[in-house]
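Now for the letters of each chain:
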Amino acid sequence: MCRTAPLIIGGGPAGAAAAVNLARAGLKPLLIERNIETSDALCGGFLSWTTIRRLRELGVDPLALGARPVETLALFSGHSSATARLPALAAALSRRTLDAALLTCASAAGARVERGVSARALEQGRVRLGDGGEIAASCLILATGKHELRGAVRPHPSGDTALGLRWRLRGSATLARLTSGRIELHLFRGGYAGLVMQEDGSANLCLAVRRSRFSEAEGRPEQLLAALAEESPALAIRLAGAIVSPAQAIANVPYGWRAQAGDPDLYRVGDQAGVIPSLAGEGIAVAILSGQAAADAIARGEPAGNFQRTFSRRLWGPITPAHLLWRAAEIPATASLLVGAVAIAPSLASLAARLTRV
Ligand SMILES: Cc1cc2nc3c(=O)[nH]c(=O)nc-3n(C[C@H](O)[C@H](O)[C@H](O)COP(=O)(O)OP(=O)(O)OC[C@H]3O[C@@H](n4cnc5c(N)ncnc54)[C@H](O)[C@@H]3O)c2cc1C
């Protein structure tokens, strides 16, 4: 039961979606976001058709924000490639634009949004803030995404873990022509790179890569890109002179993890509820759906444990095939088979895209 206004920690898609639905239910949530200005989160910026639908439910139309329509998936592995039409219209939008629009939507719905406020730890139901202050909330939504909060840390993945890297690329005429209307997935040993044009004319290049592969490049993002360009002529053409930003990085991405029932008053949403492999391009949809579902559960008085169990079961469906595809895509032999199969039967890509939606 919520005895105080719900507190949401984190203003990404999950936190913002929870804030919108809670505010619409009359519960006047407080959302705290550590960044004062919205910047580009480490993300591929691909919005699937389910993401677009969920965004519209919240009152945010990505196409009206300038998102580029995406109709085709292009797959590359070494020297082979294949294309397939997506089952429905998708889009690409920078996270800077998307996250800012979502927080504006949350404020307009009646949520209190406080920026520049960072949670440092969760201690016996109290949230300790970065400035030394404290908030006691009977009902807490954890939406810190890829970042851990002391006192509510997700299990650390073991073995050869995945890390995420992201660059903004200069949008040349060549890049725009090659990638127009497409999301490109370049598969390589130990990972993949997603490439898509954004609304501002730049391109977003986002990688998920095994730590062992990153270590081969001496832990240097640009060295890794140079090695990948040597392996893939298509990637080399796209990267020639295009890098404009330093790399953003995040370590130990717990792909496949799902939260089970835990603390009775803690609702985990977004990446804190479950992490679908990013190759599927469905993380933002999971974030929005979980934020909406947690808000609805709170409005109904449903305990956090029930919500978490139900949501975890719901995630099993798309996470399982996404995990299998990710594992197959990072091994060159199976990646070539995947690309070859899509070249012969493009409908297979469409089927995989459908199976990995939430
Ligand atoms: C390599 C890679 C590529 C991806 N590509 C795509 C893609 O193309 N399409 C897609 O749909 N998904 C993609 N994803 C997944 C997607 O980025 C996430 O699933 C999604 O961002 C999760 O949203 P969220 O709101 O849970 O977290 P986030 O987007 O991470 O937002 C969390 C927010 O909380 C704030 N915060 C964190 N800690 C605190 C704190 N202590 N106090 C206050 N505020 C805090 C942060 O500043 C941030 O604003 C990708 C993921 C990776 C790793």
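Residues numbered from 1 in each chain as written. Predicted model: local features only at pLDDT ≥ 70, side-chain atom pairs only at ≥ 80, totals over all residues. Heavy atoms only, no water.

- As annotated in an unreviewed UniProt entry, the protein chain carries the name FAD-dependent oxidoreductase and comes from Methylobacterium soli.

Digging into the UniProt feature "domain: FAD-binding" (unreviewed entry) in the protein chain
For step 1, the next point in the chain: Here, the residues flagged by UniProt with the feature "domain: FAD-binding" (unreviewed entry) are residues 5-125.
For step 2, the next point in the chain: Measuring from the first to the last C-alpha atom of residues 5-125 gives 14 Å, for a span that is 31% helix and 34% strand. (UniProt positions renumbered as here; feature names shortened; annotations may be inferred. Helix = DSSP H or I, 4+ residues; strand = E, 2+ residues; numbered from the N terminus.)

Observations concerning the pairing of strand E12 (residues 182-188)
For step 1, the next point in the chain: Counting buried positions along E12 yields 7 of 7 residues, so the element is predominantly enclosed.
For step 2, the next point in the chain: The side-chain alternation of E12 yields two buried faces, one formed by Arg 182, Glu 184, His 186 and Phe 188 and the other by Ile 183, Leu 185 and Leu 187.
For step 3, the next point in the chain: Both strand E4 (residues 68-77) and E12 contribute to a ladder of 6 bridges, which runs parallel. When the bridges of E12 are listed, Leu 73 appears paired with Ile 183. (Buried < 20%, exposed > 50% of the residue type's maximum accessible area, 1.4 Å probe, protein only. Pairing = 2+ DSSP bridges.)

Considerations on the sheet that holds strand E14 (residues 203-210)
For step 1, the next point in the chain: Strand order in the open sheet made by the 8 strands is E3-E5-E4-E12-E13-E14-E11-E15, with mixed pairing throughout. Only two strands of the sheet have a single partner each, and these edge strands are strand E3 (46-47) and strand E15 (248-253).
For step 2, the next point in the chain: Direction of pairing for strand E11 (residues 162-169) relative to E15: antiparallel, over a ladder of 4 bridges. Counterpart to Gly 164 in the pairing with E15 is Ile 250.
For step 3, the next point in the chain: Helix H10 (residues 332-344) rests against E4, strand E5 (80-92) and E12 of the sheet, and its axis sits at about 70 degrees to E5.
For step 4, the next point in the chain: Strand contacts of helix H11 (residues 347-355): E4 and E5, with the helix running at about 45 degrees to E5, the strand carrying the most contacts. (Contact = heavy atoms within 4.5 Å. Axes fitted to C-alpha atoms, helices over the stretch in contact; angles between N-to-C directions.)

Remarks on the site of the ligand
For step 1, the next point in the chain: Neighbouring the ligand are 35 residues, the closest being Glu 33, Gly 44, Arg 95, Ala 119 and Asp 271.
For step 2, the next point in the chain: The separation between a nitrogen atom of the ligand and a polar main-chain atom of Ala 119 is 2.9 Å.
For step 3, the next point in the chain: Here the ligand, which alone exposes 1000 Å², has 95% of that area covered by the protein.
For step 4, the next point in the chain: Residues that form the shell around the ligand fall into these classes: 15 nonpolar, 14 polar and 6 charged. (Near = heavy atom within 4 Å. Polar contact = N/O pair within 3.5 Å; in protein donor to acceptor, adjacent residues only side chain to side chain. Areas by Shrake-Rupley, 256 points an atom, 1.4 Å probe, with all protein chains shown as cover. Nonpolar A, V, L, I, M, F, W, Y, C, P; charged D, E, K, R; others polar.)

Describing unusual backbone geometry
For step 1, the next point in the chain: The backbone phi angle of Lys 28 is positive, close to 45 degrees, even though this residue is not glycine.
For step 2, the next point in the chain: Note on placement: Lys 28 falls in the loop between helix H1 (13-24) and strand E2 (30-33).
For step 3, the next point in the chain: Positioned with a positive phi, Asn 252 is a non-glycine residue whose angle comes to about 55 degrees.
For step 4, the next point in the chain: With respect to the helices and strands, the residue Asn 252 is situated in strand E15.

A look at the packing of aromatic side chains
For step 1, the next point in the chain: For the structure on display, the rule yields 3 aromatic pairs.
For step 2, the next point in the chain: With a centroid separation of 4.8 Å and an interplanar angle of 70 degrees, the aromatic rings of Tyr 255 and Trp 326 are classed as edge-to-face. Taken together, the positions of Tyr 255 in the loop between E15 and strand E16 (266-268) and Trp 326 in helix H9 (residues 304-329) put the pair 71 residues apart, joining distant regions of the chain.
For step 3, the next point in the chain: Ring plane angle 45 degrees and centroid distance 5.9 Å describe the contact between Tyr 267 and Phe 307, whose orientation is recorded as tilted. Within this pair, whereas Tyr 267 is found in strand E16, its partner Phe 307 is found in helix H9, the two being separated by 40 residues in sequence. (Phe/Tyr/Trp six-rings, centres within 6.5 Å; stacked < 30°, edge-to-face > 60°.)

What to know about the sheet that holds strand E9 (residues 134-136)
For step 1, the next point in the chain: Reading across the sheet, the 3 strands line up as E7-E8-E9 and stay open at both edges, with antiparallel pairing between neighbours. Every interior strand has two partners, whereas the edge strands, strand E7 (119-123) and E9, have only one. The sheet shows a mean angle of 25 degrees between the axes of neighbouring strands, taken without regard to direction.
For step 2, the next point in the chain: Taken together, the 3 bridges between strand E8 (residues 126-129) and E9 define a ladder with antiparallel strand orientation. The partner of Arg 126 across the bridge, within E9, is Ala 136.

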